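Structural features, examined
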Amino acid sequence: MSDEHDGPELPMERGALSAGVIAHLRGTGALPDPGDAQDADPYGDDLQLALYVCYELHYRGFAGVRPELEWDPPLLAVRAALEQRFLEALRRDAAPAGPLDDVLAELQVEPVHGSGVSWFLQERGELRHLRAYAVQRSLYHLKEADPHAWVLPRLSGRAKAGMAAIEYDEFGAGRADRVHARLFADLMSDLGLDTAYGRYLDEGCAAMLALVNLMSLFGLHRRLRGALVGHFAAVEITSSPASRRLARAMQRAGAGPAAEFFYTEHVEADAVHEQVVRREVVGGLLEQEPEMAADIAFGVTATAFVEERLGECLLADWQG
Ligand SMILES: [Fe+2]
Ligand SMILES: [Fe+2]
């Protein structure tokens, strides 16, 4: 068994790529050939899990895995090949249809009656749905805002100050009991779930892994800082209305006060974050580096693309 200090257990493999990466970390087998990534489904379980495991070494690592492997050159070569396959697919499948202003404006169009996951949960969510949703989201929310922190040294001026102001809130504004990752753990407790970091990695569907990988990919590469900012803007702009629906869902199902609070807190906070991210982070970055506009737009559309896949997979389970 692992304690928090050791990090979570390594997950079960989901194919040759993830099997090779996991075996390498355990010291029991060989890494895959980086060239093998080219034949893999870029959004599939195997590639996404292999990439997720590589990235996790930059967060908390895994029980029994030497911390030095975070910077292991052969592993980094495999990671680079997985990233390239994923990024090329996103550039192809989630290319922005128009300029940044149009892409951002589209995010704000809230349907009178939508059909996404938060709508389903608001109207028909039972505790089992809310649990299944929290299990998936725990892959991100138990490290909420961590992937976005990578971008701070890559920004300056207004973009940096705005980003840091939002991150300060995400990290609890000086209070450990208000760190958003902690608030999510409290939500999980209300739902009767295990709050241990990484506990539900084996349950994570490929689209959820892809969503977290997208953040890590954009955060860890300075050249993709525009895409990270676009991703972050998409999250903050769409969060407030979705959080309102999810708060209602938690309330309706009687999930508990902490479960409700996680989302009511985000209704308030993200309405403010939306303004800061638009004006200071996106506005500040564009003022300094106007050529970033296309990548900011790509960060928005790539996020929407992966979120949509996640929604489809959850709803297929619940409605099928
Ligand atoms: Fe948050
Ligand atoms: Fe936020």
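As the structure is a prediction and not an experimental result, all values here were calculated from the model.

Digging into the overall build of the protein
- Looking only at helices and strands, the protein features 13 helices and zero strands.
- Listing every helix and strand of the protein by position from the N terminus yields α-α-α-α-α-α-α-α-α-α-α-α-α.
- What you see for the protein is a C-alpha radius of gyration of 19 Å, in line with the 20 Å of a compact globule of 320 residues.
- Taking the principal axes of the C-alpha coordinates as reference, the protein spans close to 50 × 45 × 40 Å.
- Excluding contacts between residues fewer than 6 apart, the proportion of contacts in the protein whose partners are at least 24 apart in sequence is 79%.
- Accessible surface for the protein amounts to roughly 13,900 Å². Of this, 52% is attributable to carbon and sulfur atoms.
- Of the charged side chains in the protein, 30 are positive and 50 negative; the average position of the first set lies 2 Å away from that of the second.

Digging into the nonpolar core
- With 104 residues, the main nonpolar core has Leu-187 and Phe-218 as its most contacted residues.
- If near-sequence neighbours (up to four positions away) are discounted, Phe-218 is found in contact with Leu-87, Leu-224, Arg-225, Ala-227, Leu-228, His-231, Phe-298, Gly-299 and Ala-302.

A word on the coordination of the iron ion (ligand 1)
- Here the iron ion (ligand 1) is held by Glu-144 (OE), Glu-170 (OE), His-180 (ND1) and His-266 (NE2), and the distances to it run 1.8 to 2.2 Å.
- One can describe the donor arrangement at the iron ion (ligand 1) as irregular, given that its four donor atoms subtend angles of 81 to 167° at the metal.
- Between the iron ion (ligand 1) and the iron ion (ligand 2) the interatomic distance comes to 4.1 Å, and Glu-170 is a ligand of both metals. Pair noted here: Glu-144 is in the loop between helix 6 (127–141) and helix 7 (146–149) and Glu-170 is in helix 8 (residues 157–170), with a separation of 26 residues, a long-range link. We note that Glu-144, like Glu-170, is buried.

Focus: the packing of helix 1 (residues 16–26) against helix 2 (residues 45–56)
- Two numbers describe how helix 1 lies on helix 2: the axes approach to 7 Å, and their chain directions differ by 25°. Considered as vectors, helix 1 and helix 2 are oriented roughly parallel to each other. Within the contact between the two elements, helix 1 uses Ala-16, Leu-17, Ser-18, Val-21, Ile-22 and Leu-25 and helix 2 uses Asp-46, Leu-47, Leu-49, Ala-50, Val-53 and Cys-54.
- Across the contact of helix 1 with helix 2, the residue classes break down as 10 nonpolar, one polar and one charged.

What to know about the pattern of salt bridges
- Within the structure shown, the criterion is met by 17 salt bridges.
- A network of salt bridges, in which partner residues are shared, links Arg-158, Arg-279, Glu-280 and Glu-287.

Details of the environment of Val-300
- Residue placement: Val-300 occurs in helix 13 (residues 293–319).
- The spatial distance from the C-alpha of Val-300 to the C-alpha of Phe-232 is 7.9 Å, given a sequence separation of 68 residues.
- If we skip the residues at most four places from it in the chain, Val-300 touches Val-103, Leu-104, Leu-107, Gly-230, His-231 and Ala-234.

A word on the coordination of the iron ion (ligand 2)
- Those donors, Glu-170 (OE), Glu-236 (OE), Glu-236 (OE), Asp-270 (OD) and His-273 (ND1), are the protein atoms that reach the iron ion (ligand 2), and they lie 2.0 to 2.5 Å from it.
- Taken in chain order, the donor set of the iron ion (ligand 2) reads E-x65-E-x33-D-x2-H.
- Overall, His-273 belongs to the buried group, its relative accessible area being 1%.

As for the environment of Asp-194
- Relative to the elements of secondary structure, Asp-194 occurs in the loop between helix 9 (180–190) and helix 10 (206–220).
- Given a relative accessible area of 34%, Asp-194 falls into the partly exposed group.
- Discounting residues that sit within four places of it in the chain, Asp-194 has contacts with Met-188, Arg-199 and Tyr-200.
- Among the polar contacts made by the side chain of Asp-194, one reaches the side chain of Arg-199 at a distance of 3.3 Å.

Here's the deal with the packing of helix 9 against helix 12 (residues 257–288)
- One way to put it is that helix 9 packs onto helix 12 with a least axis distance of 7 Å and a crossing angle of 145°. Between helix 9 and helix 12 the crossing geometry is left-handed. Contacts from His-180, Leu-183, Phe-184, Asp-186, Leu-187 and Asp-190 of helix 9 reach helix 12 at Pro-257, Ala-258, Ala-259, Phe-261, Phe-262, Tyr-263, Glu-265 and His-266.
- Classifying every residue of the contact of helix 9 with helix 12 by side-chain character gives nine nonpolar, two polar and three charged.

Re helix 9
- The set of residues buried in helix 9 consists of His-180, Ala-181, Leu-183, Phe-184, Ala-185, Leu-187 and Met-188.
- The secondary structure elements touched by the buried residues of helix 9 are helix 6, helix 8, helix 11 (225–253) and helix 12.
- Positive phi appears at Gly-192, one or two residues downstream of helix 9, with a value of about 75°.

Regarding the state of the cysteines
- Taken as a whole, this structure holds zero disulfides when the rule is applied.
- As a non-bridged cysteine, Cys-54 has Cys-205 as the owner of its nearest cysteine sulfur, 19 Å distant.

Quick notes on unusual backbone geometry
- Backbone geometry places Ala-145, a non-glycine residue, at a positive phi of 75°.
- One can find Ala-145 in the loop between helix 6 and helix 7.
- Its relative accessible area of 1% is what places Ala-145 among the buried residues.
- The phi dihedral of Ala-173 is positive, around 50°, even though this residue is not glycine.
- Along the chain, the position of Ala-173 falls in the loop between helix 8 and helix 9.
- The class for Ala-173 is partly exposed, based on a relative accessible area of 34%.

Conventions used here
Residues numbered from 1 in each chain as written. Chains lettered and ligands numbered in written order. Predicted model: local features only at pLDDT ≥ 70, side-chain atom pairs only at ≥ 80, totals over all residues. Heavy atoms only, no water. Helix = DSSP H or I, 4+ residues; strand = E, 2+ residues; numbered from the N terminus. Rg over C-alpha atoms; globule rule 2.2 N^0.38 Å. Contact = heavy atoms within 4.5 Å. Areas by Shrake-Rupley, 256 points an atom, 1.4 Å probe, with all protein chains shown as cover. Lys, Arg positive; Asp, Glu negative; His and termini not counted. Charge placed at Lys NZ, Arg CZ, Asp CG, Glu CD. Core = buried A, V, L, I, M, F, W, Y, C linked by side-chain atoms within 4.5 Å. Buried < 20%, exposed > 50% of the residue type's maximum accessible area, 1.4 Å probe, protein only. Donors = N, O, S within 2.8 Å, 3.2 Å for Na, K, Ca; no water. Tetrahedral: all angles 85-135°; square planar, octahedral: opposite > 155°, others 65-115°. Axes fitted to C-alpha atoms, helices over the stretch in contact; angles between N-to-C directions. Parallel < 35°, antiparallel > 145°, perpendicular 65-115°, else oblique. Nonpolar A, V, L, I, M, F, W, Y, C, P; charged D, E, K, R; others polar. Salt bridge = Lys/Arg side-chain N within 4 Å of Asp/Glu carboxyl O. Polar contact = N/O pair within 3.5 Å; in protein donor to acceptor, adjacent residues only side chain to side chain. Left-handed = near helix turned anticlockwise from the far one by under 90°. Disulfide = S-S within 2.5 Å.

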